[in-house]
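Chain residues, written in single-letter form:
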Amino acid sequence: MLGAPVNNQCGECTACCDAIGSSALGKPYYTRCKHVANGCSIYETRPHGCQIYRCAWHLGLLGDRTDRRPDQCGVLFQIEPEGRTCSLEIYELSAGAADSEKAKYLKQIILNNRHFQKLPLAKCYVRVYPFGSDIPVTFAIAPEYAHAAPPAEDGTIRIDSHSPSEGRFEGRTRELAFARVPTAEPG
Ligand code: SF4
Ligand code: SF4
């Protein structure tokens, strides 16, 4: 997508299956997909959105060092294009991870990446999602994730007054949620 070399090996990482919401699966953000099992248990038939998903590490924007992969560096970076602007979204995989010196360093590597800088973008906004952010979604939540459904409107982004292109999600946060198996109706 960006012309950068792509890292083909996600290895043991399943960070996006935890942190990122999926409309095809009806899975909210910060909720572990029920198909996570030593990788993806439905890999051959996983939804299209899963097949094409690439975090910034997978796109090669952080080089090929595996210590920069989300499961190892503690944050997942994702590029979200929108016309001539884009967001560099930073999803924490543990509380406070985005404020670490390593995360700040990796953010700058992405923003300075020559493939990224060549894009005809008017502006790139940085958006930080603290661990467990209950990010509102527009898709239907599947029953097994209903207990993790986010509030309808609680997606405020607080803009950093010192760095107006940066913002942080200020809605509710919680722990990582897991799928619940529906209990059978008493007969
Ligand atoms: S977060 Fe990135 S490296 Fe990890 S599984 Fe997803 S695409 Fe692969
Ligand atoms: S279906 Fe597979 S690839 Fe998609 S979120 Fe679930 S475990 Fe990850």
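For the structure itself, consult the block above.
Now for a quick tour of the structure. (Residues numbered from 1 in each chain as written. Chains lettered and ligands numbered in written order. Predicted model: local features only at pLDDT ≥ 70, side-chain atom pairs only at ≥ 80, totals over all residues.)

1. Details of unusual backbone geometry
Across the chain, the bulk of peptide bonds are trans and the bulk of non-glycine residues have phi less than zero.
Logical step 1: Of note in the backbone geometry, Tyr30 takes a positive phi value of approximately 50 degrees without being a glycine.
Logical step 2: The class for Tyr30 is buried, based on 26 C-beta atoms found within 10 Å.
Logical step 3: The backbone of Asn38 shows a phi angle near 55 degrees, a positive value even though the residue is not glycine.
Logical step 4: Residue placement: Asn38 occurs in the loop between helix H1 (15-19) and helix H2 (48-52). (Buried ≥ 20, exposed ≤ 12 C-beta atoms within 10 Å, placed from the backbone. Helix = DSSP H or I, 4+ residues; strand = E, 2+ residues; numbered from the N terminus.)

2. Structural notes on the environment of Lys104
Logical step 1: Following the sequence through the fold, Lys104 ends up in helix H4 (residues 101-112).
Logical step 2: Classification of Lys104 as exposed rests on a count of 12 C-beta atoms within 10 Å.
Logical step 3: The sequence separation of Lys104 and Leu88 amounts to 16 residues, and the corresponding C-alpha distance is 12 Å.

3. What about the site of ligand 1?
Logical step 1: Around ligand 1, 13 residues are found, and the nearest of them are Cys10, Cys13, Ala15, Cys16 and Cys55.
Logical step 2: Classifying every residue of the shell around ligand 1 by side-chain character gives 9 nonpolar, 2 polar and 2 charged. (Near = placed C-beta within 6 Å. Nonpolar A, V, L, I, M, F, W, Y, C, P; charged D, E, K, R; others polar.)

4. Observations concerning the site of ligand 2
Logical step 1: Contacts to ligand 2 come from Cys17, Ser22, Cys33, His35, Val36, Cys40, Ile42, Arg46 and Cys50.
Logical step 2: Along the lines of polarity and charge, the residues of the shell around ligand 2 split into 6 nonpolar, 2 polar and 1 charged.

5. Examining the sheet that holds strand E4 (residues 157-159)
Logical step 1: Sheet architecture is open: 5 strands sit in the order E1-E2-E3-E5-E4, paired in mixed fashion. Each having just a single partner strand, strand E1 (75-82) and E4 make up the two edges of the open sheet. Averaged over neighbouring strand pairs, the angle between their axes works out to 25 degrees when direction is ignored.
Logical step 2: Two elements, strand E3 (residues 123-129) and strand E5 (residues 166-169), share 3 bridges in a ladder whose sense is parallel. From the neighbouring strand, Val128 faces E5, where its bridge partner is Arg168.
Logical step 3: The sheet strands contacting H4 are E1, strand E2 (85-92) and E3, and the helix crosses E2 at an angle near 155 degrees. (Pairing = 2+ DSSP bridges. Axes fitted to C-alpha atoms, helices over the stretch in contact; angles between N-to-C directions. Contact = placed C-beta atoms within 7 Å.)

Interpretation in functional terms is not warranted from these geometric data alone.
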